[in-house]
Amino acid sequence: MIHFVKGKLDTVSENMVVVENGGIGFEIMVPLSVVPSLPQTGNEVKIYTYTYVREDALQLYGFLTRDELSMFRLLITVSGIGPKGALGILSVMDADALRFAILADDAKSISKAPGIGAKTASKLILELKDKMDFEEAVTHVLDQGQAEAAGGVSDGGMAANDAIQALVALGYTSTEAVKAVKKVEVTADMTVEDILKAGLKNL
C-alpha cells in the first residue's frame, strides 16, 4: 500500500499527474478539483494516494489532503460506485460539500458528477448518511482557516450551522450553502443573521 507520493511534479493533465520520486514517475489519477491547487511542474508536491488493484490493473488515485482521501475511501464502499465514479464526484464537489449534500439528502448535487445518476446518488446517500455527522461537517468547514476566529464549534460553529440550514431553507442546495458560508470570515460575536447576510453576498 502506497500512502502518499512526495516528489517533483513532472506532468499535469486533466485528470492525471506524474510525480517523480527516486527516478520513478508515479502516474496518479486525480479529481479535476485538485489540478488548480497544484504547484507548477518542476516543484515538489505531496499526493495522498489510494492503491487500486485488479487482475488487469494497478492504479494510484491521489488527493492533496487526507480528508479527500478518506472521503474517496468511503465512496468506493458504496456498491455501484468504483474509483472512477468516486473521482468524478470529488471532481464536482469537495469533501465538505459532499458531506452536507449527503446530510441534506441532496441527490441533485451529487448526480451532477459524470456517470452518477439520480438513483445511484440516492443510494449513496442512503448508505453513507449514518456515517456522517453534521457537527463534524461544520468543524471541517470552520477548520478551513476559520476555526480560531470562530472560537470553535460551540460559538461560531453553531451560528454557521444555522446559517447553512437557513440558506438551504431559502432554496439553495447544500453544496451552494456550504461554499457560501465557507467564504465568510466567521468571528465568535457574529450572529446567524450576520453570517447569513455575508453568505448571501457570496451566492
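Residues numbered from 1 in each chain as written. Predicted model: local features only at pLDDT ≥ 70, side-chain atom pairs only at ≥ 80, totals over all residues. Heavy atoms only, no water.

## Focus: the nonpolar core
Judged by nonpolar contacts, the single largest core of 33 residues is most densely connected at Phe72, Leu75, Ile89, Leu98, Ile110 and Leu124. Within the residue set of this core, elements represented by two or more residues are β2 (16-21), β4 (44-54), β5 (57-63), α1 (66-75), α2 (83-92), α3 (95-103), α4 (107-110) and α5 (118-128). Top element by residues in this core is α3. It accounts for six residues. Residue contacts for Phe72: discarding those within four places in its chain leaves Tyr50, Tyr61, Phe63, Pro83, Ala86, Leu87 and Leu90. Formed by 15 residues, the second largest nonpolar core is a distinct cluster that contains Phe100, Ile164, Leu167 and Val186. (Core = buried A, V, L, I, M, F, W, Y, C linked by side-chain atoms within 4.5 Å. Buried < 20%, exposed > 50% of the residue type's maximum accessible area, 1.4 Å probe, protein only. Helix = DSSP H or I, 4+ residues; strand = E, 2+ residues; numbered from the N terminus. Contact = heavy atoms within 4.5 Å.)

## Describing the layout of surface pockets
Its boundaries defined by the atoms lining it, the second largest pocket holds a volume of some 210 Å³. Forming the boundary of the second largest pocket are Glu14, Asn15, Met29, Val30, Pro31, Leu32, Lys84, Gly85, Leu87, Gly88, Ser91 and Pro114. At five residues, α2 tops the list of elements feeding residues into the lining of the second largest pocket. (1 Å grid on protein atoms, 1.4 Å probe; cavity = no way out; pocket = protein on both sides within 12 Å on 5 of 7 lines; lining within 4 Å. Points joined across faces, edges and corners; volume = space filled by probe spheres on them.)

## Description of a nonpolar patch on the surface
Together, Leu170, Leu200 and Leu203 make up an exposed nonpolar region whose accessible area comes to about 260 Å². With respect to the secondary-structure elements, Leu200 resides in helix α10 (residues 192-201). Judged by its relative accessible area of 36%, Leu200 falls in the partly exposed class. (Patch = residues over 30% accessible without salt bridge, like charges linked within 9 Å, V, L, I, M, F, W, Y side chains within 5 Å. Areas by Shrake-Rupley, 256 points an atom, 1.4 Å probe, with all protein chains shown as cover. Salt bridge = Lys/Arg side-chain N within 4 Å of Asp/Glu carboxyl O.)

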